[in-house]
Amino acid sequence: MPRINEHYRHLKASYLFAEIRRRTKAFTDANPGVALINLGIGDVTEPLPAAVVKALHDAADEMAQAKTFKGYGPYVGYEFLLADIAGHDFATRGVRVGLDEIFVSDGGKSDSANLQEIFATDCVVAVMDPVYPVYADSNVVAGRTGPADDSGRYAGLVYLPCTAENDFQPALPDRHVDLIYLCYPNNPTGAIATRETLARWIAYAHEHDATILYDAAYEAYITDPALPHSIYELDGAREVAIECRSFSKNAGFTGMRLAYVVVPTEACGRNTAGERVSLNALWQRRVSTKSNGAPYVIQKAAAATYTPDGKKQVRVLIDFYMENARTIADGLAAAGLTVYGGRNAPYVWIRTPNGASSWDFFDTVLSRAHVVGVPGSGFGPSGEGYFRLSAFGSHEHARDAVERISTRL
Ligand SMILES: *Cc1c(COP(=O)(O)O)cnc(C)c1O
């Protein structure tokens, strides 16, 4: 029998959602007939925009005709979509991104998991704490970390604690790191990056020859006009930053699967001989080695989000979820809880009252308010003492959840 990749055994994350399911099931089994409200999910709930659905149908019809049928497309994405991305996501904000710097894929999760592959296994990796678990986990299974300790910390990772005490803005690492994963607007804390925040990281990356892996999956939720949407809005970012975007949370593509990575031609790593190597060329090679591209039909659907109608409809979706975020954040604050986020991100991050642990608060909210959230500790050790509610779901659910938590805890 072949030996397995034992690094998989070190993963902690799958435990989080399995444990949420286990506790939720135990509660519903013991209390049949109780209707739970699930605000734990990080998945959109509204249907696709009409412009997207029309593009899907039209593209399906093209696939049905010999004259317009498409087989394999370009590894990196169709040019019509690359041009839309460069024009609408970047040029409108004064950012120049070349079509050869955009790599379309089937998901931001896989992109953020795969990017570490083009770097050496002895690179030192820093992650925000708490954060989307994929950044740490992909480095765990690549063998960069070893096992976790009792608090869930991997010895081989550099943690950047984000807590109320530092306004959820991590200090720069106090040692050299090679790769820095940043996620803004942040999942799970809802924290945003100002221009000053990003400028500090870019300066650090230049000083340490580090690369920033910038996950902007929630960029569309930024409402404050002073905030940057792309890290490339800052000078010096093109040499040191790779940016990930996704159509999942803005246009509701979680079940469609489409995302992209921007790797500027200036971004470099070095080989053993100390020579500079283009990360753009390396990622291009990785993509063409391991992928045959994203589906034509889905890329046509994504392009529809950039049409005038599509843009309006995407805006309606985001406004819909952000109304929930306001309902939850304002309602719980009025009830006396300390809440963060929910302003430029679809997540509300709650301080557990009276020093309760994340899991104890999860149990209290589940058993008394019949609302399911996510214990903050599941996103990293510094998430202990916090709790995440998401703004996805109906307005009615958001209102009812607030009402229940406010009156029953
Ligand atoms: C949802 C999410 C993504 C996007 O994932 P997809 O695979 O594109 O659906 C990326 N990053 C973060 C932080 C997310 O929460």
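Residues numbered from 1 in each chain as written. Predicted model: local features only at pLDDT ≥ 70, side-chain atom pairs only at ≥ 80, totals over all residues. Heavy atoms only, no water.

## What about the packing of aromatic side chains?
Then comes step 1: Evaluated as defined, the whole model comprises 22 aromatic pairs.
Then comes step 2: Geometrically, the ring pair formed by Trp349 and Tyr386 is stacked, given 5.3 Å between the ring centres and 10 degrees between the ring planes. Pair noted here: Trp349 is in strand β12 (residues 347-351) and Tyr386 is in strand β15 (residues 386-390), with a separation of 37 residues, a long-range link.
Then comes step 3: With relative accessibility at 0%, the residue Trp349 sits in the buried group.
Then comes step 4: Using a relative accessible area of 2% as the deciding quantity, one classes Tyr386 as buried.
Then comes step 5: Its end group placed over the ring of Tyr296, Lys70 keeps NZ or CZ at 4.6 Å from the ring centre.
Then comes step 6: The lysine or arginine in question, Lys300, covers the ring of Phe80, its NZ or CZ lying 4.7 Å from the ring centre. (Phe/Tyr/Trp six-rings, centres within 6.5 Å; stacked < 30°, edge-to-face > 60°. Helix = DSSP H or I, 4+ residues; strand = E, 2+ residues; numbered from the N terminus. Buried < 20%, exposed > 50% of the residue type's maximum accessible area, 1.4 Å probe, protein only. Lys NZ or Arg CZ within 6 Å of the ring centre and 35° of its normal.)

## What to know about the domain arrangement of the protein chain
Then comes step 1: We note that the domain assignment places domain 1 (6-47 + 310-408) and domain 2 (53-306) within the protein chain.
Then comes step 2: The C-alpha-based centres of domain 1 and domain 2 are spaced at 25 Å.
Then comes step 3: In this assembly, 35 residues from domain 1 lie in contact with 48 residues from domain 2.
Then comes step 4: Carbon and sulfur atoms make up 63% of the area that domain 1 and domain 2 hide from each other, which totals about 3,200 Å².
Then comes step 5: Our count for the domain 1 to domain 2 interface comes out at zero salt bridges.
Then comes step 6: Our count for the contact surface shared by domain 1 and domain 2 stands at 14 residue pairs in polar contact (both at pLDDT 80 or more). (Domains from an automatic or database assignment. Contact = heavy atoms within 4.5 Å. Buried area = accessible area lost by both parts, 1.4 Å probe. Salt bridge = Lys/Arg side-chain N within 4 Å of Asp/Glu carboxyl O. Polar contact = N/O pair within 3.5 Å; in protein donor to acceptor, adjacent residues only side chain to side chain.)

## Side note on the site of the ligand
Then comes step 1: Near the ligand there are 14 residues, and of these Asp215, Tyr218, Ser248, Lys249 and Arg257 occur at the shortest range.
Then comes step 2: Separating an oxygen atom of the ligand from a backbone N or O atom of Gly108 is a distance of 2.7 Å.
Then comes step 3: A distance of 2.6 Å separates an oxygen atom of the ligand from a polar side-chain atom of Tyr218.
Then comes step 4: Taken by itself the ligand offers 380 Å² of open surface, and the protein chains cover 94% of this.
Then comes step 5: When each cavity is represented as a set of grid points, the ligand is found to reside in the largest pocket.
Then comes step 6: Mapped onto the shell around the ligand, the elements with two or more residues apiece are α4 (108-114) and α8 (248-251).
Then comes step 7: Among the residues making up the shell around the ligand, the classes are represented as five nonpolar, five polar and four charged. (Near = heavy atom within 4 Å. Areas by Shrake-Rupley, 256 points an atom, 1.4 Å probe, with all protein chains shown as cover. 1 Å grid on protein atoms, 1.4 Å probe; cavity = no way out; pocket = protein on both sides within 12 Å on 5 of 7 lines; lining within 4 Å. Sits in = over half its atoms within 2 Å of the grid points. Nonpolar A, V, L, I, M, F, W, Y, C, P; charged D, E, K, R; others polar.)

## Looking at the layout of surface pockets
Then comes step 1: Computed from the structure, the largest pocket encloses a volume of approximately 1,000 Å³.
Then comes step 2: By residue class, the composition of the lining of the largest pocket is 20 nonpolar, 13 polar and nine charged.
Then comes step 3: Each of domain 1 (6-47 + 310-408) and domain 2 (53-306) contributes no fewer than three residues to the lining of the largest pocket.
Then comes step 4: Volume-wise, the second largest pocket comes out at about 630 Å³.
Then comes step 5: Across the lining of the second largest pocket, the residue classes break down as twelve nonpolar, seven polar and seven charged. (Points joined across faces, edges and corners; volume = space filled by probe spheres on them.)

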